[in-house]
Amino acid sequence: NAGVTQTPKFRILKIGQSMTLQCTQDMNHNYMYWYRQDPGMGLKLIYYSVGAGITDKGEVPNGYNVSRSTTEDFPLRLELAAPSQTSVYFCASTPRGDEQYFGPGTRLTVT
Amino acid sequence: QKEVEQDPGPLSVPEGAIVSLNCTYSNSAFQYFMWYRQYSRKGPELLMYTYSSGNKEDGRFTAQVDKSSKYISLFIRDSQPSDSATYLCAMSGNNRLAFGKGNQVVVIP
């Protein structure tokens, strides 16, 4: 059981570039989440999904998009990267919507 | 008032001391309470999970929930340098999930 895996671990983007952060879980969890974590600011929810084909916005969705075509995968797309999107991104999953299991994170720098 | 308040101030303690962390919350719908531990440059990992008022123990860790006061605590007994991490409280209920900002703990050998 690998749990929640995220790729890449690190990435540097130029302003205006796009990229997709990958997230996969092998626990057959229905609920999946994307967070960003900035220093001293805690976790902020970007998007979440309660099952394949269903996604919804979180607290800070602007500049991001998601899709959930399978139970296992929940990619996060950044279009037109901006310096404000420099952050650490965490994907998480849970079977019931309460205790969450996190991936190792992706450190993104936009310059 | 923020939904979850957690004083983020760094906490330094000598090895062997008791670490006490707490969070307050305002949403009465929260029924599930969690503590996560996050080591530097790693993802948060679930440490303790409880859904009722009272105490729950797991080794050196005790989670305490007081729903009437909307207050939760985490105690770490006989703290070790390996306990140095950021601890985040989290709570959920009625399809809401909220995290505290995290509390950095440093255990000095």
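Residues numbered from 1 in each chain as written. Chains lettered and ligands numbered in written order. Predicted model: local features only at pLDDT ≥ 70, side-chain atom pairs only at ≥ 80, totals over all residues. Heavy atoms only, no water.

**Q** Just checking my understanding: could you explain the overall build of chain A for this structure?
**A** Counting secondary structure elements, chain A contains zero helices and 11 strands. Element order for chain A, N to C, with α for helix and β for strand: β-β-β-β-β-β-β-β-β-β-β. Rg of the C-alpha trace for chain A: 13 Å, near the compact-globule value of 13 Å for 111 residues, within the 12% margin. Judged by the C-alpha coordinates and their principal axes, chain A covers about 35 × 25 × 25 Å. (Helix = DSSP H or I, 4+ residues; strand = E, 2+ residues; numbered from the N terminus. Rg over C-alpha atoms; globule rule 2.2 N^0.38 Å.)

**Q** Sorry if this is basic, but what is going on with the packing of aromatic side chains here?
**A** The geometry of an aromatic ring pair is captured by two quantities: the separation of the ring centres and the angle between the planes. Per the counting criterion, the structure on display carries 13 aromatic pairs over all chains. A centroid spacing of 6.2 Å and a plane angle of 5° characterise the contact between Tyr-32 of chain B and Tyr-49 of chain B, whose relative ring orientation is stacked. Of this pair, Tyr-32 of chain B sits in strand 4 (residues 32-38) while Tyr-49 of chain B sits in strand 5 (residues 45-50), placing them 17 residues apart in sequence. Given a relative accessible area of 27%, Tyr-32 of chain B falls into the partly exposed group. By relative accessible area, Tyr-49 of chain B is classed as buried at 17%. Joined through ring pairs, the aromatic side chains of Tyr-33, Tyr-35, Tyr-48, Phe-90 and Phe-102 of chain A together with Tyr-36 and Phe-99 of chain B make up one cluster. It is Arg-68 of chain A that lies over the ring of Phe-74 of chain A; its NZ or CZ is 5.9 Å from the centre. (Phe/Tyr/Trp six-rings, centres within 6.5 Å; stacked < 30°, edge-to-face > 60°. Buried < 20%, exposed > 50% of the residue type's maximum accessible area, 1.4 Å probe, protein only. Lys NZ or Arg CZ within 6 Å of the ring centre and 35° of its normal.)

**Q** What should I look at first to understand the nonpolar core in this one?
**A** The nonpolar side chains of a soluble globular protein tend to be buried with one another. In this structure, Trp-35, Ile-72, Tyr-87 and Met-91 of chain B are the most contacted members of the largest nonpolar core, which totals 24 residues. Among the elements of the structure, strand 3 (19-25), strand 4, strand 5, strand 7 (61-66), strand 8 (71-76), strand 9 (85-93) and strand 11 (103-108) of chain B are those that each provide at least two residues to this core. The contact partners of Tyr-87 of chain B, leaving out residues within four places of it in the chain, are Gln-6, Leu-21, Trp-35, Tyr-36, Arg-37, Leu-47, Leu-74, Ile-76, Gly-102, Asn-103 and Val-105 of chain B. Counting residues in hydrophobic clusters, the runner-up holds 19 residues, among them Ile-46, Tyr-64, Ala-81 and Leu-108 of chain A. (Core = buried A, V, L, I, M, F, W, Y, C linked by side-chain atoms within 4.5 Å. Contact = heavy atoms within 4.5 Å.)

**Q** Sorry, what's going on with the sheet that holds strand 1 (residues 4-7) of chain A here?
**A** All names here are of chain A. Reading across the sheet, the four strands line up as 1-3-8-7 and stay open at both edges, with antiparallel pairing between neighbours. In the strand order of this sheet, the two ends are held by strand 1 and strand 7 (64-66), each with one partner. Neighbour to neighbour, the strand axes of the sheet diverge by 20° on average, direction disregarded. One ladder, built from three bridges, connects strand 7 with strand 8 (residues 76-78); its direction is antiparallel. (Pairing = 2+ DSSP bridges. Axes fitted to C-alpha atoms, helices over the stretch in contact; angles between N-to-C directions.)

**Q** Is there a simple way to think about the environment of Val-107 of chain B in this case?
**A** Residue and element names in this part refer to chain B. Among the structural elements, Val-107 can be located in strand 11. Taking the relative accessible area as the measure of exposure, Val-107 reaches 4% and is therefore buried. Taking C-alpha positions, Val-107 is 18 Å from Ser-73, a pair spaced 34 residues apart along the chain. Ignoring sequence-local partners within four residues, the contact set of Val-107 consists of Val-13, Pro-14, Glu-15, Ser-79, Gln-80, Pro-81, Asp-83 and Ser-84.

**Q** How should I be thinking about the sheet that holds strand 3 of chain B in this particular structure?
**A** Residues and elements named next belong to chain B. Reading across the sheet, the five strands line up as 1-3-8-7-6 and stay open at both edges, with antiparallel pairing between neighbours. Where the open sheet ends on each side, the last strands, each with one partner, are strand 1 (4-5) and strand 6 (54-58). Taken together, the six bridges between strand 3 and strand 8 define a ladder with antiparallel strand orientation. Looking at strand 8, one finds that Thr-24 is bridged to Tyr-71.

**Q** Sorry, what's going on with the pairing of strand 6 (residues 54-57) of chain A here?
**A** It is a general feature of regular strands that their side chains alternate between the two faces of the sheet. Residues and elements named next belong to chain A. The pairing of strand 5 (residues 42-51) with strand 6 spans three bridges and is antiparallel. Its bridge partner being in strand 6, Tyr-48 is matched across the sheet by Asp-56. The loop that links strand 5 with its antiparallel partner strand 6 comprises two residues; one of these, Gly-53, has a positive phi angle of about 85°.

**Q** What's the story with the interface of chain A and chain B in this structure? I'm lost.
**A** Interface size is often expressed as the accessible area that is lost when the parts come together. Counting from both sides, the interface comprises 17 residues of chain A and, opposite them, 16 residues of chain B. Regarding the contact of chain A and chain B, the summed buried area is about 1300 Å², with carbon and sulfur atoms giving 58% of it. Inspection of the chain A/chain B interface yields zero salt bridges. Where chain A packs against chain B, one counts two residue pairs in polar contact (both at pLDDT 80 or more). The residue inventory of the side of chain A that touches chain B, partitioned by class, reads eight nonpolar, six polar and three charged. (Buried area = accessible area lost by both parts, 1.4 Å probe. Salt bridge = Lys/Arg side-chain N within 4 Å of Asp/Glu carboxyl O. Polar contact = N/O pair within 3.5 Å; in protein donor to acceptor, adjacent residues only side chain to side chain. Nonpolar A, V, L, I, M, F, W, Y, C, P; charged D, E, K, R; others polar.)

Geometric values such as these leave the question of function open.
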